[in-house]
Amino acid sequence: MIRPDLHLHTTASDGIYDARQLARLVQRASVTMFSVTDHDTMAALPEASDAAYDRGLAFLPGVEISTEGDDEVHILGYGVRYDDEILLACFRKAAEDRKNRILAMAEKLKSLRLPLSMEDVIARAGSSVGRPHLARAMLDRGYVNSVQQAFLLYLGKGRCAYLPRVTMTAAQAISLLRDRVAVPVLAHPGMIRWPLEKLLPMLKVWQEAGLKGIEVYHPANQSNYPYWDRLARQRGLLVTGGSDFHDGKSGHGQIGETAEAWPSACDDAWALYRAANKNLKP
């Protein structure tokens, strides 16, 4: 019986555990199939794959692409190849854009007499620096009492140190993944701030671009699991799920928690694995 968690983050983006530490936590949580889906980077995938093999765990390489600017529609890609130069070039540009944005936000904090050592922030962030790294640095300096407070007072949309992000559209990300023979999945629809009157027509547009699944079993969807499950299956889309684990305490899920509420987790996880596996073969 497979117990999956198909949405996890490492220190390659905004998680706090490296790939081997994460694999140990995955096994401790009795998860038997997992995917690392860092934001706009595949840097942790080789080590995560090796760690999964060492522990006898099934592993599906993934990535989470940020799209639609401040609307923050995220697209998960499963079955990505670590050495795909087109994807790597895309993520290098995204990383540079992220870095420039965070440096500019740090300047805003400095003007508010909240200076940070950006060398330390970037060094700890690895290849994908983001607002959570600024928030943790602010917490370390004693400027805030929690990561959540940093976002509430300074880093969240509309706050005094916030700057908008520049990203590709969801359709562009889906097409990119489709062309790279990966499986594009809409991440956590419960976190998308659009009303259903806007989101549902866009699902049709995204399916035409190559969308293959919806991340139904995510903590943000918990009150609407039956709705999203039914919608995905009615539209012929794969059903996926994951905890979106970052550090276990910043508003995301705990490793393996969504598997408890996912009745067809084994069958759905294998369906995704089979769909992505054609890209994993040499």
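What counts and what doesn't
- Residues numbered from 1 in each chain as written.
- Predicted model: local features only at pLDDT ≥ 70, side-chain atom pairs only at ≥ 80, totals over all residues.
- Heavy atoms only, no water.
- Buried < 20%, exposed > 50% of the residue type's maximum accessible area, 1.4 Å probe, protein only.
- Helix = DSSP H or I, 4+ residues; strand = E, 2+ residues; numbered from the N terminus.
- Contact = heavy atoms within 4.5 Å.
- Pairing = 2+ DSSP bridges.
- Right-handed = clockwise from strand over helix to strand, strands pointing away.
- Salt bridge = Lys/Arg side-chain N within 4 Å of Asp/Glu carboxyl O.

### A word on helix α5 (residues 131-141)
Next up, step 1: The buried fraction of α5 is high, at eight of eleven residues.
Next up, step 2: Every buried residue of α5 is listed here: R131, P132, H133, L134, A135, R136, A137 and M138.
Next up, step 3: Contacts made by the buried residues of α5 are with α3 (85-111), α4 (118-125) and α6 (147-155).

### Comments concerning the sheet that holds strand β1 (residues 4-8)
Next up, step 1: Spatially, the three strands line up as an open sheet ordered β1-β2-β3, and their pairing is parallel. On the outer flanks of this sheet lie β1 and β3 (58-59), each paired with one strand and no other.
Next up, step 2: Both β1 and strand β2 (residues 33-36) contribute to a ladder of three bridges, which runs parallel. What sits directly across from P4, in β2, is M33.

### What about the pairing of strand β8 (residues 238-241)?
Next up, step 1: As judged from the four bridges shared by strand β7 (residues 213-217) and β8, these two strands associate in the parallel manner. Counterpart to G213 in the pairing with β8 is L238.
Next up, step 2: Taken together, β7, helix α9 (residues 225-234) and β8 constitute a β-α-β crossover, and its handedness is right-handed.

### Points about the pattern of salt bridges
Next up, step 1: Going through the model one piece at a time under the given rule, you end up with 15 salt bridges.
Next up, step 2: Notably, a salt bridge pairs D54 with R20, separated by 3.1 Å at the nearest N-O pair. Linking D54 in helix α2 (residues 45-54) with R20 in helix α1 (residues 19-28), this pair joins segments that are 34 residues apart in sequence.
Next up, step 3: With a relative accessible area of 35%, R20 lands in the partly exposed category.
Next up, step 4: Three or more residues are tied together by salt bridges with common partners; here these are E72, R131, R165 and R193.

Read these as layout, nothing more, since geometry by itself doesn't imply function.
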